[in-house]
Amino acid sequence: VSTQSTGSSGINAEYGGIQDAPVLDQYLWALFRSLSHMITIGYGRDAPQEVIEVLFIIPSMLTGAFFYMMIVSQMTKTISLFKMGSIRYTQKLKDVDELAKKYKLDSDAHQRLHEFYHHKYGGEIHEDDEIIKELSLALKIDVIKSRYREILENVFFLSTGDDGLIEQFLLSIKESVFMTGDIIIRSEDTVEDLYVIKKGTVSIEFTTPGGNLDDDIIVRDFGFFGETPLITKKKADMMVFSEVPCDCLLIPKYIFYAMLDRFPVFKSQMLLVVHSRLTLQGLDPIEYAPFLKNAFLEALSDPNAVNSSEDILELASQARLDHQGLKEFRNKNLNDLSVFRKQNKDVFDKTFSKQTPVDLNRKEKEVHVSVSIHGDDVKTCTENLN
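Rules used in this analysis
Per chain, residue numbering runs from 1 following the sequence as it is written. Whole-chain, interface and lining totals are the exception, using all residues; otherwise, since this is a predicted model, local features are given only for residues with pLDDT of at least 70 and side-chain atom pairs are given and counted only at 80 or more. With hydrogens and water stripped out, all remaining heavy atoms of the structure feed into the side-chain values. When DSSP finds two or more bridges between a pair of strands, those strands are recorded as paired. Secondary structure elements follow DSSP: runs of H or I of four or more residues count as helices, runs of E of two or more count as strands, with numbering from the N terminus. When checking whether two residues touch, look at their non-hydrogen atoms; a contact exists if any pair is within 4.5 Å. Note on geometry: axes are lines fitted to C-alpha atoms, helical ones only across the stretch in contact, with angles between N-to-C directions running from 0 to 180 degrees. By definition, a salt bridge exists where a carboxyl oxygen of Asp or Glu is found within 4 Å of a side-chain nitrogen of Lys or Arg. Each residue gets one of three labels from its accessible area relative to the maximum for its type: buried under 20%, exposed over 50%, partly exposed in between, using a 1.4 Å probe on protein chains only. Here, nonpolar core refers to any group of buried Ala, Val, Leu, Ile, Met, Phe, Trp, Tyr and Cys residues whose side-chain atoms link them within 4.5 Å. In this scheme, roughly parallel covers angles under 35 degrees and roughly antiparallel covers those over 145, while 65 to 115 is roughly perpendicular and the rest are oblique. Gly is placed with the polar residues, together with every amino acid not listed as nonpolar (Ala, Val, Leu, Ile, Met, Phe, Trp, Tyr, Cys and Pro) or charged (Asp, Glu, Lys and Arg). Each residue carries a pLDDT score, the predictor's confidence in it, ranging from 0 to 100.

Visitor: Could you give an account of the sheet that holds strand 3 (residues 193-199), with specific residues and numbers?
Guide: The strand order across the open sheet built from four strands is 1-8-3-6, with neighbouring strands paired in antiparallel fashion. What marks the edges here is a single partner per strand, and that holds for strand 1 (174-178) and strand 6 (224-225). Seen against the sheet, helix 10 (residues 163-172) touches strand 1, strand 3 and strand 8 (246-252) and runs at an angle of roughly 110 degrees to strand 8. Sheet contacts for helix 12 (residues 253-262): strand 3 and strand 8; angle to strand 8, the most-contacted strand, approximately 65 degrees.

Visitor: Quick rundown of the pattern of salt bridges? Include the residues and the values.
Guide: This model, assessed by the stated rule, comprises seven salt bridges. Salt-bridge contacts for D129 lead to R147; the nearest nitrogen and oxygen are separated by 2.9 Å. Here D129 is found in helix 6 (residues 128-134), whereas its partner R147 is found in helix 7 (residues 137-147), with 18 residues between them in sequence. Here R147 falls in the partly exposed class, since its relative accessible area comes to 33%.

Visitor: Mind laying out the pairing of strand 8, listing which residues take part and the relevant values?
Guide: Among the seven residues of strand 8, seven are classified as buried, and the element is accordingly described as predominantly covered. A two-sided burial pattern is seen for strand 8, the buried positions comprising C246, C248, L250 and P252 on one face and D247, L249 and I251 on the other. With five bridges connecting them, strand 1 and strand 8 associate as antiparallel partners. Note that in strand 8 the partner of E175 across the bridge is L249.

Visitor: How would you sum up the nonpolar core? Please name residues and give values.
Guide: Residues F157, F169, I185, F225, F256 and F266 are the most contacted members of the largest nonpolar core, which totals 62 residues. Top contributing element to this core by residue count: helix 13 (residues 264-280), with eight residues. Beyond its immediate chain neighbours, meaning those up to four positions away, F256 contacts L194, E227, L230, I231, I251, F266 and M270. By size, the runner-up hydrophobic cluster in this structure holds five residues, among which are Y89, L93, V96 and I125.

Visitor: Lay out the packing of helix 7 against helix 10 in plain terms, naming residues and giving numbers.
Guide: Interhelical geometry of helix 7 versus helix 10 gives an angle of 85 degrees and a closest axis separation of 10 Å. Put simply, helix 7 runs roughly perpendicular to helix 10. Across the interface between the two elements, L137, K140, I141, I144 and K145 of helix 7 pack against D163, I166, E167, L170 and L171 of helix 10. Its residues assigned to classes, the contact of helix 7 with helix 10 comprises six nonpolar, no polar and four charged.

Visitor: I'd like a description of the confidence of the model for the protein, backed by residues and values.
Guide: Residues with a pLDDT of 70 or more make up 69% of the protein, whose mean pLDDT is 74. In this model residues 333-386 is a low-confidence stretch, pLDDT under 50, and it forms 103 contacts with partners more than four residues away in sequence or in other chains.

Visitor: I'd like a rundown of unusual backbone geometry, residues and numbers included.
Guide: The backbone of E188 shows a phi angle near 75 degrees, a positive value even though the residue is not glycine. Within the secondary structure layout, E188 lies in the loop between strand 2 (183-185) and strand 3. The phi dihedral of K233 falls on the positive side, at around 60 degrees, and the residue is not glycine. Considering the arrangement of structural elements, one finds K233 in the loop between helix 11 (227-232) and strand 7 (238-242).

Shown next, in the form of structure tokens:
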């Protein structure tokens, strides 16, 4: 056995070198050899010679393997906690791949599926909706208000609405994603929702009497569409398609009618938007929807609704017109449509626009309510708007 003397920096693997080393160095060397033996699941530098040595080595090897497993599993768990959203997204894509394989989708459809989920989730899937469902009503409203803060600040009928309108809107919406080129509403469709654009751009092409599609307008972030066929109770006379990937919030028809009934200023605002868009199409709103004549007149004479935005034409319709064309359109309709005038910011006072809060126990005698079943949903629709 070698007996060469070594310092803390000169110890080698020979036992003789350890015997003459300082005590601290001996313990460090012993710890190193023990860890090497345990973590590499080996029996050490020298094989056991006696049965008693084997009996000691076997538990040592098993203990090393156990601790090695615990260390690896704990590290894996810690890393996964930081990337849980990514793991869910990866699993979702695996499910998508399985679906594409099962139904033998072509490569283009498969790619569009991946693009859809990438746009919808952005590479991470979080369980926000599941958490919100478990909250109490008050907490749920506070969380959803924070979640849709930009919508509440920029959609004009929400930024001027009271708490009752905002809460009913937030508790009723459902999210939907449309990719570039997707047709959202077809001509002659029965529109079932009001669409509010969270992010994106859609193009609306109106159907002319000759059956052609022209006179398109653009609706961008925080705009909305679908209110005209809902209020006039007619099938869609337009085709709406997404020009870019578009995130929308949908308000079901029966909720939209309930909001019209319970919130007078909101009803007047929507009627002004309908009046604006019908006029933009070159139609006479009174002739197009005679039963709304009185409702249009009341809305046009409602200062709270008229002054709730600078220009409903630009906010709600966002016509594809240059500045001069938009100015000429407004001047042409200035006498009949007071909504197209510029607003004095000091005129509108929300103290005069207090709307009736939601009262779930109130019974409406003047509104006939019908219930219809569509799929798995029960929808309640009001028959009269004015």
